Amino acid sequence: AEAGLKYFLLGAFSTGFLLYGIALVYGATGSTNIAVIGEIISNGEGSQSLLYPALALLIIGFAFKVSAVPFHMWTPDVYEGAPTPITAWMSAAVKAAGFVAFLRVLLVGFDSIYTLWYPIIWWLSAITMVGANLIALVQSNIKRMLAYSSIAHAGYLLVALAAANATASAGMLFYLFVYTLMNVGAFAIVMTVSDHSEERLYIDNYVGFGWTQPMLGIGLTIFLLSLAGFPGTGGFIGKIYLLLGAAESDLWTLSVILVLTTVVSYWYYLRVAWVMWMKDPEIKGEHDSLTLPVPMRLALVVSVGLILYLGILPSGVLEFARSSVEGLGTFGGGLLGQAP
């Protein structure tokens, strides 16, 4: 009930920011078509006095939707309070949709004033990566840990948004695809361990799980390693392309923060793997009765296979991602590397 009320109130609050920003954009440009808005702004037309507050309100609204710090306060409680299948959907599909919309609005509608919104995205990305990873270190509930992990990944994706070039944008789409696979897979196993209820949600409940259910244990370990960005997984390739995009725009400080916070994240991801494989269960047979429907088994096998495949042969999906971002715009209005 608390999580639902918090999601309702903060969701309505953030949507108010977003809609007010859209209204001001319409007032400034006379259009709600993203491409037309971009053309009007690039020609220096429209009301500047309305445009700047509109941009600020849009960024605040989107920051709520994608769970960027400090607009993330709803995420841990809602992820913990919601049924696990809903949490999986929110952490993957909702976040992916939010980032794709964020990308299109900034790189098509506001591309020509890149220097205006770049510093905001830069700081949002930095504090999101640092804050979420540090808080995740002390979580004992696996759903809350994955919630802060989701917030941290929002910080990584904001690096691509700050870079605002074709490589970073393609890397973002690739990363969103891989992130969806590994996050939904991880939550599917969490749902199985909790016996399709809201029980056994603490990391200590995974003691000895790998030896009792080896296939599920291997699957969860692969999902966790991919979330951490371990070489040989799709998550590693995704982070490499985010770093390449950041390097193209000379975002060296953000790149260093991304690498260091990724190293920090290894602690809480590998902690779960260590508990699964290296500790003996206090209660024998705790996981013996777990049931996994055939469709879920198939989905997990496909997810694991794709994550490993993309960690070795990512070129096909990357080419598709590159072709998808070709029409987004001039990427920073030709100002990349000149932003403050």
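Just so we're clear, the structure is a prediction, and the values are computed from it rather than from any experiment.

Student: Would you explain the nonpolar core in this entry?
Tutor: Among soluble globular proteins, nonpolar side chains are generally buried collectively. One finds Phe 110, Trp 117, Ile 121 and Tyr 206 to be the most contacted residues of the largest nonpolar core, which totals 103 residues. With 16 residues, the top contributor of residues to this core is helix α8 (residues 166–193). Those residues within four positions of Trp 117 in sequence are excluded, and the remaining contacts are Leu 55, Ile 59, Leu 106, Leu 107, Phe 110, Leu 161 and Ala 164.

Student: Any chance you could explain the packing of aromatic side chains here in plain terms?
Tutor: For any pair of aromatic rings, the description rests on two quantities: the centre-to-centre distance and the angle between the ring planes. Under the counting rule described, the total for this entry stands at 13 aromatic pairs. Measuring from ring centre to ring centre gives 5.3 Å for Tyr 7 and Trp 74, while their planes differ by 40°; the resulting arrangement is tilted. Of the two residues, Tyr 7 is situated in helix α1 (residues 2–29) and Trp 74 in the loop between α3 (48–65) and α4 (75–81); the sequence distance between them amounts to 67 residues. We classify Tyr 7 as partly exposed; its relative accessible area is 36%. Taken together, a centroid distance of 4.8 Å and an interplanar angle of 15° make the contact between Phe 62 and Phe 102 stacked. You can see Phe 62 sitting in helix α3 and its partner Phe 102 sitting in helix α5 (residues 84–109), a full 40 residues away along the chain. On the accessibility criterion, Phe 102 (1% relative accessible area) is buried. Here the aromatic residues Phe 13, Phe 17, Phe 64 and Phe 71 are joined through ring pairs into a cluster of three or more.

Student: Sorry if this is basic, but what is going on with the pattern of salt bridges here?
Tutor: Side chains that differ in charge, positive against negative, can pair when their charged atoms come close. What the rule picks out here adds up to four salt bridges. Ionic pairing is found between Asp 77 and Lys 6, a salt bridge with its closest N-O pair at 2.4 Å. With a gap of 71 residues between them, Asp 77 in helix α4 and Lys 6 in helix α1 connect regions that are remote in the sequence. Residue class for Lys 6 comes out partly exposed when judged on its relative accessible area of 25%. A salt bridge links Glu 319 to Arg 322, with the shortest nitrogen-to-oxygen separation between them at 2.6 Å. Remark: Arg 322 and Glu 319 occur in helix α14 (residues 315–325); sequence separation between them is three residues, near one turn of the helix. Through salt bridges with shared partners, one network takes in Lys 6, Asp 77, Glu 80 and Arg 144.

Student: Looking at this structure, I do not really get α5. What am I missing?
Tutor: Working note: α-helix, 3.6 residues per turn, so residues spaced by three or four point in the same direction. Taking 1.5 Å of rise per residue, the 26 residues of α5 would be expected to cover 38 Å, and the 36 Å separating its terminal C-alpha atoms lies within 8% of that figure. Taken as a whole, α5 carries its principal kink of about 30° at Met 90.

Student: Explain the packing of α8 against helix α10 (residues 214–228) here, please?
Tutor: For any two helices packed against each other, one specifies the crossing angle of their axes together with the interaxial distance. Contact pair α8 / α10: the axes reach a minimum separation of 9 Å and the direction vectors enclose 140°. In terms of orientation, α8 lies oblique with respect to α10. Along this stretch, α8 crosses α10, giving a crossing that reads as left-handed. Judged by residue contacts, Val 178, Tyr 179, Leu 181, Met 182, Asn 183, Gly 185, Ala 186, Ile 189 and Thr 192 of α8 engage Leu 216, Gly 219, Leu 220, Phe 223, Ser 226 and Leu 227 from α10. Class assignment of the residues belonging to the contact of α8 with α10 gives a composition of ten nonpolar, five polar and no charged.

Student: Looking at this structure, I do not really get the layout of surface pockets. What am I missing?
Tutor: Rolling a probe over the atoms, with the probe sized like a water molecule, indicates the empty space that remains. There is about 240 Å³ of room inside the largest pocket. Around the largest pocket, the lining residues are Ile 189, Met 215, Leu 216, Ile 218, Gly 219, Ile 222, Leu 292, Arg 297, Leu 300, Val 301 and Val 304. Those elements that provide at least two residues to the lining of the largest pocket are α10 and α13 (294–312). In terms of residue count, the dominant contributor to the lining of the largest pocket is α10 (five residues). Classifying every residue of the lining of the largest pocket gives nine nonpolar, one polar and one charged.

Student: It is not clear to me how empty space enclosed by the protein should be interpreted in this structure. Could you clarify?
Tutor: Per the counting criterion, the structure on display carries one cavity of 30 Å³ or more. In this structure, the largest cavity spans a volume of roughly 30 Å³. Surrounding the largest cavity, Ile 142, Met 145, Leu 146, Ala 186, Val 190, Leu 220, Leu 224 and Val 272 form its lining. At the level of secondary structure, the elements contributing two or more residues to the lining of the largest cavity comprise α7 (142–163), α8 and α10. For the lining of the largest cavity, the element with the highest residue contribution is α7, accounting for three residues. Grouping the constituent residues of the lining of the largest cavity by class yields eight nonpolar, no polar and no charged.

Rules used in this analysis
Residues numbered from 1 in each chain as written. Predicted model: local features only at pLDDT ≥ 70, side-chain atom pairs only at ≥ 80, totals over all residues. Heavy atoms only, no water. Core = buried A, V, L, I, M, F, W, Y, C linked by side-chain atoms within 4.5 Å. Buried < 20%, exposed > 50% of the residue type's maximum accessible area, 1.4 Å probe, protein only. Helix = DSSP H or I, 4+ residues; strand = E, 2+ residues; numbered from the N terminus. Contact = heavy atoms within 4.5 Å. Phe/Tyr/Trp six-rings, centres within 6.5 Å; stacked < 30°, edge-to-face > 60°. Salt bridge = Lys/Arg side-chain N within 4 Å of Asp/Glu carboxyl O. Expected span 1.5 Å × (residues − 1). Bend = angle between axes of the 7 residues up to and from the residue. Axes fitted to C-alpha atoms, helices over the stretch in contact; angles between N-to-C directions. Parallel < 35°, antiparallel > 145°, perpendicular 65-115°, else oblique. Left-handed = near helix turned anticlockwise from the far one by under 90°. Nonpolar A, V, L, I, M, F, W, Y, C, P; charged D, E, K, R; others polar. 1 Å grid on protein atoms, 1.4 Å probe; cavity = no way out; pocket = protein on both sides within 12 Å on 5 of 7 lines; lining within 4 Å. Points joined across faces, edges and corners; volume = space filled by probe spheres on them.

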